[in-house]
Amino acid sequence: MAIPKERALEAYKTMQKIRNFEKQASRSFSEGVVQGFIHLYTGEEAVATGVCMNLEKTDYITSTHRGHGHIIAKGADLNRMMAELCGRETGYCHGKGGSMHITDTEIGVLGANGIVGGGFTLACGAGITAQMKQNGAVCVCFFGDGSTGTGTFHEAMNLASVWKLPVVFVCENNGYGISTACRRDSSYTNPSMNCKTVADRALAYGMKAMVVDGNNVNEVYDRAKEAIAYAREGNGPVFLECNTYRWDTHFVGDTDNYRLPDELAVWKEKCPIKLHETYLKFMKLADDDQLKAIAKEARNEVKAALKFAEESPFPAPETAVQDVYTDIVEEGR
Ligand SMILES: Cc1ncc(C[n+]2csc(CCOP(=O)(O)OP(=O)(O)O)c2C)c(N)n1
Ligand SMILES: [Mg+2]
(Lines give C-alpha, C1' and ligand atoms only; values in the text may rest on other atoms or scores of the structure.)
(Ligands and ions follow the chains in the order given, each with its own letter.)
Protein backbone atom coordinates (compact mmCIF):
# COMPACT_ATOMS: atom_id res chain seq x y z
CA MET A 1 0.00 0.00 0.00
CA ALA A 2 1.11 3.53 -0.65
CA ILE A 3 -0.21 7.06 -0.25
CA PRO A 4 -3.53 7.27 -2.10
CA LYS A 5 -2.90 8.51 -5.65
CA GLU A 6 -4.86 11.70 -5.16
CA ARG A 7 -2.61 12.68 -2.23
CA ALA A 8 0.75 11.60 -3.65
CA LEU A 9 1.56 15.12 -4.91
CA GLU A 10 0.55 16.65 -1.59
CA ALA A 11 3.33 14.58 0.02
CA TYR A 12 5.78 15.92 -2.56
CA LYS A 13 4.73 19.51 -1.93
CA THR A 14 5.06 19.16 1.85
CA MET A 15 8.55 17.71 1.54
CA GLN A 16 9.54 20.51 -0.83
CA LYS A 17 8.16 23.10 1.59
CA ILE A 18 10.25 21.64 4.41
CA ARG A 19 13.39 21.39 2.25
CA ASN A 20 13.05 24.99 1.07
CA PHE A 21 12.20 26.34 4.51
CA GLU A 22 15.40 24.77 5.86
CA LYS A 23 17.49 26.12 2.97
CA GLN A 24 16.22 29.60 3.62
CA ALA A 25 16.58 29.31 7.40
CA SER A 26 20.21 28.29 6.95
CA ARG A 27 20.90 31.14 4.52
CA SER A 28 19.21 33.70 6.75
CA PHE A 29 21.07 32.36 9.77
CA SER A 30 24.43 32.93 8.10
CA GLU A 31 23.30 36.48 7.22
CA GLY A 32 22.41 37.15 10.85
CA VAL A 33 18.71 37.56 10.06
CA VAL A 34 17.74 34.37 11.95
CA GLN A 35 18.83 34.43 15.56
CA GLY A 36 19.65 31.72 18.10
CA PHE A 37 20.32 28.06 17.40
CA ILE A 38 18.72 26.26 14.48
CA HIS A 39 18.74 22.50 13.87
CA LEU A 40 17.82 21.56 10.33
CA TYR A 41 15.56 18.71 9.27
CA THR A 42 17.01 18.35 5.75
CA GLY A 43 17.13 14.70 4.70
CA GLU A 44 14.41 13.63 7.14
CA GLU A 45 11.40 15.18 5.35
CA ALA A 46 9.62 11.90 4.60
CA VAL A 47 9.11 11.12 8.29
CA ALA A 48 7.09 14.16 9.33
CA THR A 49 5.29 14.21 5.99
CA GLY A 50 4.26 10.55 5.93
CA VAL A 51 3.17 10.60 9.56
CA CYS A 52 1.27 13.91 9.64
CA MET A 53 -0.69 13.09 6.47
CA ASN A 54 -2.56 10.64 8.69
CA LEU A 55 -3.48 13.18 11.34
CA GLU A 56 -6.51 15.40 11.75
CA LYS A 57 -6.26 19.04 12.77
CA THR A 58 -7.63 18.02 16.18
CA ASP A 59 -4.83 15.49 16.75
CA TYR A 60 -1.73 16.53 18.65
CA ILE A 61 1.98 16.37 18.03
CA THR A 62 4.94 17.00 20.30
CA SER A 63 8.13 18.05 18.59
CA THR A 64 11.84 18.48 19.27
CA HIS A 65 14.75 20.89 18.83
CA ARG A 66 14.71 19.74 15.15
CA GLY A 67 11.08 20.65 14.77
CA HIS A 68 10.51 22.74 11.62
CA GLY A 69 9.54 19.70 9.54
CA HIS A 70 7.02 18.37 12.06
CA ILE A 71 5.37 21.75 12.42
CA ILE A 72 5.16 22.43 8.69
CA ALA A 73 3.76 18.95 8.04
CA LYS A 74 1.08 19.50 10.72
CA GLY A 75 -0.07 22.54 8.76
CA ALA A 76 1.52 25.54 10.43
CA ASP A 77 1.70 28.97 8.86
CA LEU A 78 5.08 29.49 7.18
CA ASN A 79 4.91 33.25 7.67
CA ARG A 80 4.53 33.01 11.42
CA MET A 81 7.21 30.31 11.58
CA MET A 82 9.76 32.34 9.64
CA ALA A 83 8.87 35.47 11.62
CA GLU A 84 9.54 33.54 14.83
CA LEU A 85 12.95 32.43 13.59
CA CYS A 86 13.72 36.03 12.73
CA GLY A 87 12.63 37.23 16.19
CA ARG A 88 9.68 39.29 14.94
CA GLU A 89 6.51 40.32 16.75
CA THR A 90 4.35 38.49 14.19
CA GLY A 91 5.99 35.14 14.98
CA TYR A 92 4.28 32.26 16.77
CA CYS A 93 5.81 33.32 20.13
CA HIS A 94 5.92 37.03 19.28
CA GLY A 95 9.57 36.56 18.33
CA LYS A 96 10.67 35.61 21.83
CA GLY A 97 10.86 31.83 21.49
CA GLY A 98 12.76 31.20 18.28
CA SER A 99 13.14 27.95 16.39
CA MET A 100 12.93 25.62 19.37
CA HIS A 101 9.71 26.90 20.91
CA ILE A 102 7.27 27.14 18.04
CA THR A 103 3.81 26.15 19.27
CA ASP A 104 0.40 26.30 17.63
CA THR A 105 -2.32 24.81 19.80
CA GLU A 106 -4.95 25.69 17.16
CA ILE A 107 -3.57 22.88 15.00
CA GLY A 108 -2.44 20.61 17.85
CA VAL A 109 1.25 21.51 17.79
CA LEU A 110 2.12 21.28 21.48
CA GLY A 111 5.52 22.75 20.96
CA ALA A 112 9.00 22.27 19.63
CA ASN A 113 11.26 21.64 22.58
CA GLY A 114 14.82 22.57 23.46
CA ILE A 115 14.80 19.96 26.21
CA VAL A 116 15.83 16.62 24.74
CA GLY A 117 13.17 14.14 25.88
CA GLY A 118 10.83 16.99 26.84
CA GLY A 119 8.02 15.74 24.61
CA PHE A 120 7.51 12.26 26.08
CA THR A 121 5.52 13.22 29.12
CA LEU A 122 3.66 15.98 27.28
CA ALA A 123 2.52 13.35 24.79
CA CYS A 124 1.25 11.16 27.62
CA GLY A 125 -0.64 14.17 28.99
CA ALA A 126 -2.24 14.77 25.59
CA GLY A 127 -3.08 11.06 25.41
CA ILE A 128 -4.74 11.16 28.82
CA THR A 129 -6.73 14.24 27.75
CA ALA A 130 -7.99 12.46 24.63
CA GLN A 131 -8.79 9.35 26.63
CA MET A 132 -10.74 11.26 29.30
CA LYS A 133 -12.63 13.37 26.77
CA GLN A 134 -13.22 10.30 24.60
CA ASN A 135 -12.80 12.51 21.55
CA GLY A 136 -10.86 10.00 19.46
CA ALA A 137 -7.78 12.20 19.21
CA VAL A 138 -4.27 10.79 18.96
CA CYS A 139 -0.94 12.32 19.92
CA VAL A 140 2.16 11.68 17.84
CA CYS A 141 5.35 12.15 19.83
CA PHE A 142 8.34 12.86 17.57
CA PHE A 143 11.80 12.32 19.06
CA GLY A 144 15.35 11.41 18.11
CA ASP A 145 17.33 8.27 18.78
CA GLY A 146 19.55 10.13 21.25
CA SER A 147 16.63 11.10 23.47
CA THR A 148 15.76 7.46 24.18
CA GLY A 149 18.51 7.34 26.80
CA THR A 150 16.62 9.79 29.01
CA GLY A 151 14.61 8.67 32.03
CA THR A 152 11.40 10.27 30.82
CA PHE A 153 11.46 8.12 27.68
CA HIS A 154 11.21 4.95 29.75
CA GLU A 155 8.69 6.38 32.20
CA ALA A 156 6.46 7.62 29.39
CA MET A 157 6.68 4.37 27.44
CA ASN A 158 5.63 2.43 30.51
CA LEU A 159 2.80 4.79 31.45
CA ALA A 160 1.45 4.96 27.90
CA SER A 161 1.50 1.19 27.66
CA VAL A 162 -0.15 0.35 30.99
CA TRP A 163 -2.81 3.04 30.54
CA LYS A 164 -3.29 2.20 26.83
CA LEU A 165 -2.88 5.83 25.85
CA PRO A 166 -3.59 6.91 22.25
CA VAL A 167 0.01 7.92 21.59
CA VAL A 168 2.21 7.02 18.64
CA PHE A 169 5.90 7.30 19.49
CA VAL A 170 7.78 8.19 16.30
CA CYS A 171 11.52 7.76 16.67
CA GLU A 172 13.56 9.56 14.04
CA ASN A 173 16.67 7.46 14.06
CA ASN A 174 19.16 9.62 12.17
CA GLY A 175 22.09 7.66 13.53
CA TYR A 176 23.41 10.29 15.92
CA GLY A 177 22.71 12.25 19.07
CA ILE A 178 25.01 15.20 18.29
CA SER A 179 28.26 13.26 17.59
CA THR A 180 27.43 10.05 19.46
CA ALA A 181 26.44 7.20 17.18
CA CYS A 182 23.30 5.29 17.99
CA ARG A 183 23.62 2.31 15.75
CA ARG A 184 24.96 -1.00 16.99
CA ASP A 185 27.14 -1.55 14.01
CA SER A 186 30.80 -2.56 14.13
CA SER A 187 31.71 0.58 12.16
CA TYR A 188 30.75 2.78 15.09
CA THR A 189 32.67 2.96 18.34
CA ASN A 190 30.93 3.73 21.64
CA PRO A 191 27.33 3.71 20.43
CA SER A 192 24.70 5.10 22.77
CA MET A 193 22.69 1.88 23.09
CA ASN A 194 23.36 -1.82 23.08
CA CYS A 195 20.31 -3.11 21.25
CA LYS A 196 19.89 -3.59 17.53
CA THR A 197 17.05 -1.20 16.93
CA VAL A 198 15.51 1.52 19.07
CA ALA A 199 12.21 -0.30 18.61
CA ASP A 200 13.63 -3.18 20.68
CA ARG A 201 13.23 -0.89 23.65
CA ALA A 202 9.48 -0.67 23.08
CA LEU A 203 9.12 -4.42 23.35
CA ALA A 204 10.25 -4.21 26.98
CA TYR A 205 7.08 -2.21 27.65
CA GLY A 206 4.81 -4.61 25.80
CA MET A 207 4.26 -2.07 23.06
CA LYS A 208 3.54 -2.84 19.42
CA ALA A 209 6.59 -1.68 17.44
CA MET A 210 7.56 -1.28 13.80
CA VAL A 211 10.72 -0.24 11.96
CA VAL A 212 10.52 1.51 8.60
CA ASP A 213 12.66 3.14 5.94
CA GLY A 214 12.24 6.74 7.06
CA ASN A 215 13.31 8.07 3.67
CA ASN A 216 10.45 6.40 1.85
CA VAL A 217 7.40 8.59 2.30
CA ASN A 218 5.04 5.87 1.06
CA GLU A 219 6.35 3.39 3.59
CA VAL A 220 6.22 5.89 6.43
CA TYR A 221 2.68 6.87 5.46
CA ASP A 222 1.55 3.29 5.37
CA ARG A 223 2.98 2.21 8.72
CA ALA A 224 1.94 5.45 10.39
CA LYS A 225 -1.59 4.96 9.10
CA GLU A 226 -1.70 1.55 10.73
CA ALA A 227 -0.15 2.80 13.99
CA ILE A 228 -2.42 5.84 14.26
CA ALA A 229 -5.57 3.81 13.55
CA TYR A 230 -4.53 1.26 16.18
CA ALA A 231 -4.00 3.97 18.81
CA ARG A 232 -7.19 5.82 17.83
CA GLU A 233 -9.25 2.68 18.27
CA GLY A 234 -8.16 2.48 21.92
CA ASN A 235 -5.71 -0.40 21.58
CA GLY A 236 -2.88 1.52 23.19
CA PRO A 237 0.35 3.14 22.01
CA VAL A 238 2.53 2.12 19.08
CA PHE A 239 6.24 2.67 18.51
CA LEU A 240 7.38 3.55 14.99
CA GLU A 241 11.11 3.74 14.33
CA CYS A 242 11.99 5.57 11.12
CA ASN A 243 15.54 5.13 9.87
CA THR A 244 16.79 8.31 8.27
CA TYR A 245 19.73 10.71 8.23
CA ARG A 246 20.35 14.40 8.79
CA TRP A 247 22.34 16.04 6.03
CA ASP A 248 23.47 19.06 7.99
CA THR A 249 25.61 19.41 11.06
CA HIS A 250 23.83 18.93 14.39
CA PHE A 251 23.05 22.65 14.53
CA VAL A 252 23.95 25.23 11.93
CA GLY A 253 27.55 26.21 12.61
CA ASP A 254 28.51 23.01 14.49
CA THR A 255 31.61 20.93 13.68
CA ASP A 256 31.22 17.88 11.47
CA ASN A 257 34.11 15.56 12.25
CA TYR A 258 32.44 12.32 13.31
CA ARG A 259 30.68 10.92 10.25
CA LEU A 260 32.06 7.82 8.59
CA PRO A 261 33.73 8.43 5.20
CA ASP A 262 31.17 8.62 2.37
CA GLU A 263 28.28 8.28 4.80
CA LEU A 264 26.68 11.58 3.84
CA ALA A 265 27.12 10.90 0.12
CA VAL A 266 25.46 7.49 0.50
CA TRP A 267 22.46 9.00 2.28
CA LYS A 268 22.17 11.83 -0.23
CA GLU A 269 21.72 9.14 -2.86
CA LYS A 270 18.72 8.05 -0.81
CA CYS A 271 17.22 11.56 -0.73
CA PRO A 272 13.54 11.22 0.26
CA ILE A 273 12.46 13.84 -2.26
CA LYS A 274 14.33 12.23 -5.15
CA LEU A 275 12.94 8.83 -4.14
CA HIS A 276 9.41 10.16 -4.25
CA GLU A 277 10.05 11.89 -7.59
CA THR A 278 11.16 8.58 -9.06
CA TYR A 279 8.05 6.89 -7.68
CA LEU A 280 5.70 9.59 -8.99
CA LYS A 281 7.20 9.44 -12.46
CA PHE A 282 7.27 5.65 -12.54
CA MET A 283 3.60 5.52 -11.53
CA LYS A 284 2.81 8.26 -14.07
CA LEU A 285 1.36 10.42 -11.32
CA ALA A 286 3.47 13.40 -12.44
CA ASP A 287 6.01 14.40 -15.06
CA ASP A 288 9.11 16.56 -14.73
CA ASP A 289 7.27 19.78 -15.55
CA GLN A 290 4.63 19.20 -12.89
CA LEU A 291 7.26 18.39 -10.29
CA LYS A 292 9.23 21.51 -11.18
CA ALA A 293 6.08 23.61 -10.86
CA ILE A 294 5.30 22.20 -7.41
CA ALA A 295 8.88 22.75 -6.25
CA LYS A 296 8.65 26.35 -7.48
CA GLU A 297 5.38 26.90 -5.60
CA ALA A 298 7.03 25.67 -2.41
CA ARG A 299 10.04 27.97 -2.98
CA ASN A 300 7.76 30.93 -3.54
CA GLU A 301 5.81 30.25 -0.34
CA VAL A 302 9.06 30.25 1.60
CA LYS A 303 10.24 33.43 -0.14
CA ALA A 304 6.95 35.10 0.77
CA ALA A 305 7.37 33.95 4.38
CA LEU A 306 10.81 35.55 4.56
CA LYS A 307 9.45 38.79 3.10
CA PHE A 308 6.63 38.75 5.66
CA ALA A 309 9.17 38.20 8.45
CA GLU A 310 11.58 40.88 7.30
CA GLU A 311 8.79 43.43 6.97
CA SER A 312 7.49 42.67 10.47
CA PRO A 313 8.59 44.70 13.50
CA PHE A 314 10.68 43.37 16.35
CA PRO A 315 8.76 43.05 19.63
CA ALA A 316 8.70 46.24 21.67
CA PRO A 317 11.30 46.24 24.48
CA GLU A 318 8.59 46.85 27.10
CA THR A 319 7.02 43.48 26.17
CA ALA A 320 10.23 41.58 26.96
CA VAL A 321 8.74 39.60 29.87
CA GLN A 322 5.17 39.51 28.60
CA ASP A 323 4.06 35.89 27.95
CA VAL A 324 7.19 34.70 29.73
CA TYR A 325 5.62 34.32 33.17
CA THR A 326 2.11 33.07 33.75
CA ASP A 327 -0.38 35.76 34.72
CA ILE A 328 -2.10 33.60 37.34
CA VAL A 329 0.75 34.25 39.79
CA GLU A 330 -0.61 36.81 42.24
CA GLU A 331 1.46 39.84 43.04
CA GLY A 332 3.64 39.47 46.12
CA ARG A 333 3.63 35.65 46.13
C1 LIG B 1 17.89 17.48 28.64
C2 LIG B 1 18.90 17.83 27.57
N3 LIG B 1 20.10 17.23 27.57
C4 LIG B 1 21.01 17.54 26.62
C5 LIG B 1 20.73 18.48 25.66
C6 LIG B 1 21.75 18.82 24.58
N7 LIG B 1 21.37 18.19 23.32
C8 LIG B 1 20.72 18.90 22.35
S9 LIG B 1 20.33 17.94 21.04
C10 LIG B 1 21.04 16.59 21.72
C11 LIG B 1 21.07 15.27 20.98
C12 LIG B 1 19.74 14.82 20.55
O13 LIG B 1 19.87 13.70 19.72
P14 LIG B 1 18.60 13.04 19.09
O15 LIG B 1 17.57 12.87 20.14
O16 LIG B 1 19.06 11.82 18.38
O17 LIG B 1 18.05 14.13 18.08
P18 LIG B 1 18.73 14.67 16.72
O19 LIG B 1 19.50 15.90 17.10
O20 LIG B 1 19.58 13.61 16.17
O21 LIG B 1 17.57 14.99 15.85
C22 LIG B 1 21.56 16.87 22.98
C23 LIG B 1 22.23 15.89 23.83
C24 LIG B 1 19.47 19.11 25.71
N25 LIG B 1 19.11 20.02 24.81
N26 LIG B 1 18.55 18.75 26.66
MG1 LIG C 1 19.52 11.55 16.37
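Residues numbered from 1 in each chain as written. Chains lettered and ligands numbered in written order. Predicted model: local features only at pLDDT ≥ 70, side-chain atom pairs only at ≥ 80, totals over all residues. Heavy atoms only, no water.

K.L.:
An account of the overall build of the chain is needed here, citing residue identities and associated values.
P.N.:
Along the chain, the regular secondary structure elements total 11 helices and 7 strands. Taken over the C-alpha trace, the chain has a radius of gyration of 20 Å; the compact-globule value for 333 residues is 20 Å, and the two agree within 12%. On the principal axes, the C-alpha backbone points of the chain span a range of 55 × 50 × 45 Å. Relative to its full complement of 333 residues, the chain shows a buried share of 52%. In the chain, the share of contacts with a sequence separation of at least 24, taken over all contacts with a separation of at least 6, comes to 73%. When the accessible surface of the chain is totalled, it reaches about 15500 Å², and 52% of it is carbon and sulfur. (Helix = DSSP H or I, 4+ residues; strand = E, 2+ residues; numbered from the N terminus. Rg over C-alpha atoms; globule rule 2.2 N^0.38 Å. Buried < 20%, exposed > 50% of the residue type's maximum accessible area, 1.4 Å probe, protein only. Contact = heavy atoms within 4.5 Å. Areas by Shrake-Rupley, 256 points an atom, 1.4 Å probe, with all protein chains shown as cover.)

K.L.:
Give me the coordination of the magnesium ion (ligand 2): which residues, what numbers.
P.N.:
Under ideal tetrahedral coordination, the four donors around a metal are separated by 109.5 degrees; under ideal octahedral coordination, the six donors are separated by 90 or 180 degrees. Protein-derived ligands of the magnesium ion (ligand 2) are D145 (OD), N174 (OD1) and Y176 (O), with the metal-ligand distances lying across 2.0 to 2.3 Å. In primary-sequence terms, the residues that donate to the magnesium ion (ligand 2) follow D-x28-N-x1-Y. Of the two residues, N174 and Y176, both sit in the buried class. (Donors = N, O, S within 2.8 Å, 3.2 Å for Na, K, Ca; no water.)

K.L.:
Requested: an account of the packing of aromatic side chains, with residues and values cited.
P.N.:
If you walk through the whole model with that rule in mind, you get 9 aromatic pairs. Ring pairs connect the aromatic residues F120, F143, F153, F169 and F239, which therefore count as one cluster. The cationic tip of K208 hangs over the ring face of Y230; the distance from NZ or CZ to the ring centre is 5.1 Å. The lysine or arginine in question, K270, covers the ring of W267, its NZ or CZ lying 3.8 Å from the ring centre. (Phe/Tyr/Trp six-rings, centres within 6.5 Å; stacked < 30°, edge-to-face > 60°. Lys NZ or Arg CZ within 6 Å of the ring centre and 35° of its normal.)

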